[in-house]
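What follows is the residue order along each chain.
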Amino acid sequence: KLSKNNFSKTIFVLPYVLESKKQDVLVKLIRSLVSGKDHFGIVYVGDLMGTKVILGNSGLVARMFKSIIDSNTLTVPKREVFLYPVKTSDVAKEIVKLTFSFGLGGQEIAVVSPRVSLKEFIEEFKNQVPRLAIVYTNQTVLRKRLDVSKNFVLKTATCPEGFIAH
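Below: a short report on this structure. On a predicted model such as this, the values are computed, not experimentally measured, just so you know.

### What about the overall build of the protein chain?
- Counting secondary structure elements, the protein chain contains five helices and twelve strands.
- Within the protein chain, buried positions represent 39% of all 166 residues.

What follows is the structure, given as structure tokens:
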């Protein structure tokens, strides 16, 4: 109500790939709040890479970078996992566009690159960090890609340099 009365916008920034049941519940709650309201919007982001990313805090890619920096070791699951790496600058551009556009109309926008397999991602790391030790585990990684709605708009971002996307 405060947002509508003051002619302001509220933009929620959420992960494109959910890694916990709590995130899943949060996304469903926010989607129900946003639905059909002109002053609300949601920006879903892929696996953030680049400046100002808090390493190890959340997200598989951030945890991987932290592990490499801390111990020159990368622990990854054996099973196939897909990533959606995106530059922080691409996400920032989309948020600025939404902020200064006329109305949001309950829009849901995802800023992601084409998916990259974890195996491809690791190969690129090995090329850039020759002494990188890779440890494969049987741990299960919950990574559930978002179910998209009717209002959903996919903004394809460029994959960060050095990472091949298919």
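From this point, the discussion proceeds with the structure in view.
### A few points about the packing of aromatic side chains
- Overall, the coordinates contain one aromatic pair when judged by the stated rule.
- When the ring of Tyr16 is compared with that of Tyr84, the centres are 5.3 Å apart and the planes differ by 80°; the resulting orientation is edge-to-face. Residue Tyr16 is found in the loop between strand S1 (10–15) and strand S2 (17–18), and its partner Tyr84 is found in the loop between strand S6 (82–83) and strand S7 (85–87); the two are separated by 68 residues along the sequence.
- Taking the relative accessible area as the measure of exposure, Tyr16 reaches 4% and is therefore buried.

### Thoughts on unusual backbone geometry
- Positive phi, normally seen in glycine, also occurs at Asn72, with a value near 55°.
- Along the chain, Asn72 turns up in the loop between helix H3 (60–71) and strand S5 (73–77).
- We classify Asn72 as partly exposed; its relative accessible area is 29%.

### Let's talk about the nonpolar core
- Of all hydrophobic cores here, the largest spans 15 residues; its most connected members are Met64, Leu74, Leu83, Leu118, Phe121 and Phe125.
- Among the secondary structure elements, those contributing two or more residues to this core are H3, S5 and helix H5 (118–128).
- The residues contacting Phe125, other than those within four sequence positions of it, are Met64, Phe65, Ile68, Leu74 and Leu132.

### Remarks on the side chain of Ser113
- Positionally, Ser113 belongs in the loop between strand S8 (108–112) and strand S9 (116–117).
- A relative accessible area of 2% places Ser113 in the buried class.
- Here the side chain of Ser113 touches Pro85 through a polar contact of 2.6 Å, landing on its backbone oxygen.

### A closer look at the pattern of salt bridges
- On inspection of all chains with the given rule, the structure shows two salt bridges.
- Here Asp70 ties to Lys66 by a salt bridge, and the two come within 2.8 Å at their closest N and O atoms. A residue pair is termed a helical-turn pair when its members lie 3 or 4 positions apart in one helix, as Asp70 and Lys66 do in helix H3 at four residues.
- Lys66 gets classed as partly exposed once you look at its relative accessible area, which sits at 33%.
- Between Glu94 and Lys97 there is a salt bridge, with its nearest N and O atoms 3.3 Å apart. One end of the pair is Glu94 and the other is Lys97, both in helix H4 (residues 88–100) and three residues apart, which spans about a single turn.

### With respect to the pairing of S8
- Counted residue by residue, S8 has five buried out of five residues, so it is predominantly covered.
- Residues of S8 alternate between two faces, with Glu108, Ala110 and Val112 on one and Ile109 and Val111 on the opposite face, all of them buried.

The rules we used
Residues numbered from 1 in each chain as written. Predicted model: local features only at pLDDT ≥ 70, side-chain atom pairs only at ≥ 80, totals over all residues. Heavy atoms only, no water. Helix = DSSP H or I, 4+ residues; strand = E, 2+ residues; numbered from the N terminus. Buried < 20%, exposed > 50% of the residue type's maximum accessible area, 1.4 Å probe, protein only. Phe/Tyr/Trp six-rings, centres within 6.5 Å; stacked < 30°, edge-to-face > 60°. Core = buried A, V, L, I, M, F, W, Y, C linked by side-chain atoms within 4.5 Å. Contact = heavy atoms within 4.5 Å. Polar contact = N/O pair within 3.5 Å; in protein donor to acceptor, adjacent residues only side chain to side chain. Salt bridge = Lys/Arg side-chain N within 4 Å of Asp/Glu carboxyl O.

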